[in-house]
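Spelled out, the chains give:
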Amino acid sequence: MKSPKYALGDTVYRGSYEREEHYITCPDCGGTRRILVTLHDGTTITVECGGCYPGGCEPSTGRIKQVTMNCRAKAHTVTGVSLRGDSVEYQLDADAAGNYSLADEHELYTTREEALGGAEQDRTAQEAEQNKRLMAKTKDAKSWAWNATYHRRQIKTLERELASHREKVQICEAQHEV
Ligand SMILES: [Zn+2]
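Predicted, not measured: the structure shown is a model, and the values here were computed from it. (Residues numbered from 1 in each chain as written. Predicted model: local features only at pLDDT ≥ 70, side-chain atom pairs only at ≥ 80, totals over all residues.)

1. Observations regarding the overall build of the protein chain
The helix and strand tally for the protein chain stands at two helices and seven strands. Beginning at the N terminus, the succession of helices and strands in the protein chain can be written as β-β-β-β-β-β-β-α-α. C-alpha extents for the protein chain along the principal axes are approximately 100 × 35 × 30 Å. Expressed as a percentage of its 178 residues, the buried residues of the protein chain come to 15%. (Helix = DSSP H or I, 4+ residues; strand = E, 2+ residues; numbered from the N terminus. Buried ≥ 20, exposed ≤ 12 C-beta atoms within 10 Å, placed from the backbone.)

Set out below in structure tokens:
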């Protein structure tokens, strides 16, 4: 059984991150929102960039969101300690209205500096993970090619339909003239 490091009434510090968003120019289209695709027959066509495509009916934006994580450390007062085997959970800042937050012992530090140091250790990994997810659509040439092929096929189908409808109208008009 572990004995708790902090006691009721102690001031403890917990590190956290503040997410700051900014945008970078899309590395795939360089902000132009367009990509040139060469198909197997040598034809080159311009398609909307998939790297900065936000999804849905929105057009590609030419830029991609990225985040910067800033470390913060906040002071809390221990208002409850609960022991469960080897884990110690603390109740922090409980007020008269019954609001409080919970923290595991490994999340808490005695000084603000230590809390900031702890958060800093994870910061790079957290930032990289989030930014990797935001960049997930870039360098996905397979889907651009798919898009290009799909739209080309649609154009061909619609052109064929259009020609067929034109022909029918011409037949109707020809009959009408007779
Ligand atoms: Zn792009």
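That covers the picture; the talk isn't over yet.
2. Quick notes on unusual backbone geometry
Backbone geometry at Arg-33 places phi at a positive 70°, although glycine is not the residue there. In this fold, Arg-33 is placed in the loop between strand 1 (11-25) and strand 2 (34-38).

3. Some thoughts on the sheet that holds strand 5 (residues 87-92)
Across the sheet, five strands lie side by side as 6-5-4-1-7; this open sheet has antiparallel pairing. Each edge of the sheet is formed by a strand with only one pairing partner; in this case those strands are strand 6 (101-104) and strand 7 (108-109). With four bridges joining them, strand 5 and strand 6 adopt antiparallel strand pairing. Bridging from a neighbouring strand, Gln-91 pairs with Leu-102 of strand 6. Packed onto the sheet, helix 1 (residues 112-134) meets strand 1, strand 4 (63-84) and strand 7 and runs at close to 140° relative to strand 4. (Pairing = 2+ DSSP bridges. Contact = placed C-beta atoms within 7 Å. Axes fitted to C-alpha atoms, helices over the stretch in contact; angles between N-to-C directions.)

4. Notes on the pairing of strand 5
In terms of strand pairing, strand 4 meets strand 5 through six bridges, oriented antiparallel. Looking across to strand 5, one finds that Ser-82 is bridged to Glu-89. Linking strand 4 to strand 5, which pair antiparallel, is a turn of two residues; within it Gly-85 sits at a positive phi near 60°.

5. Quick notes on the environment of Ser-60
Within the secondary structure layout, Ser-60 lies in the loop between strand 3 (44-48) and strand 4. Take Ser-60: there are 21 C-beta atoms within 10 Å of it, and that puts it in the buried class. The sequence separation of Ser-60 and Thr-32 amounts to 28 residues, and the corresponding C-alpha distance is 9.2 Å. Beyond its immediate sequence surroundings of up to four residues, Ser-60 is in contact with Arg-33, Glu-48, Cys-49, Cys-52 and Tyr-53.

6. Observations regarding helix 1
In this model, helix 1 (23 residues) spans 31 Å end to end at C-alpha, consistent with the 33 Å of a helix rising 1.5 Å per residue. At Asp-122, helix 1 is bent by approximately 40°, the largest bend along its length. (Expected span 1.5 Å × (residues − 1). Bend = angle between axes of the 7 residues up to and from the residue.)

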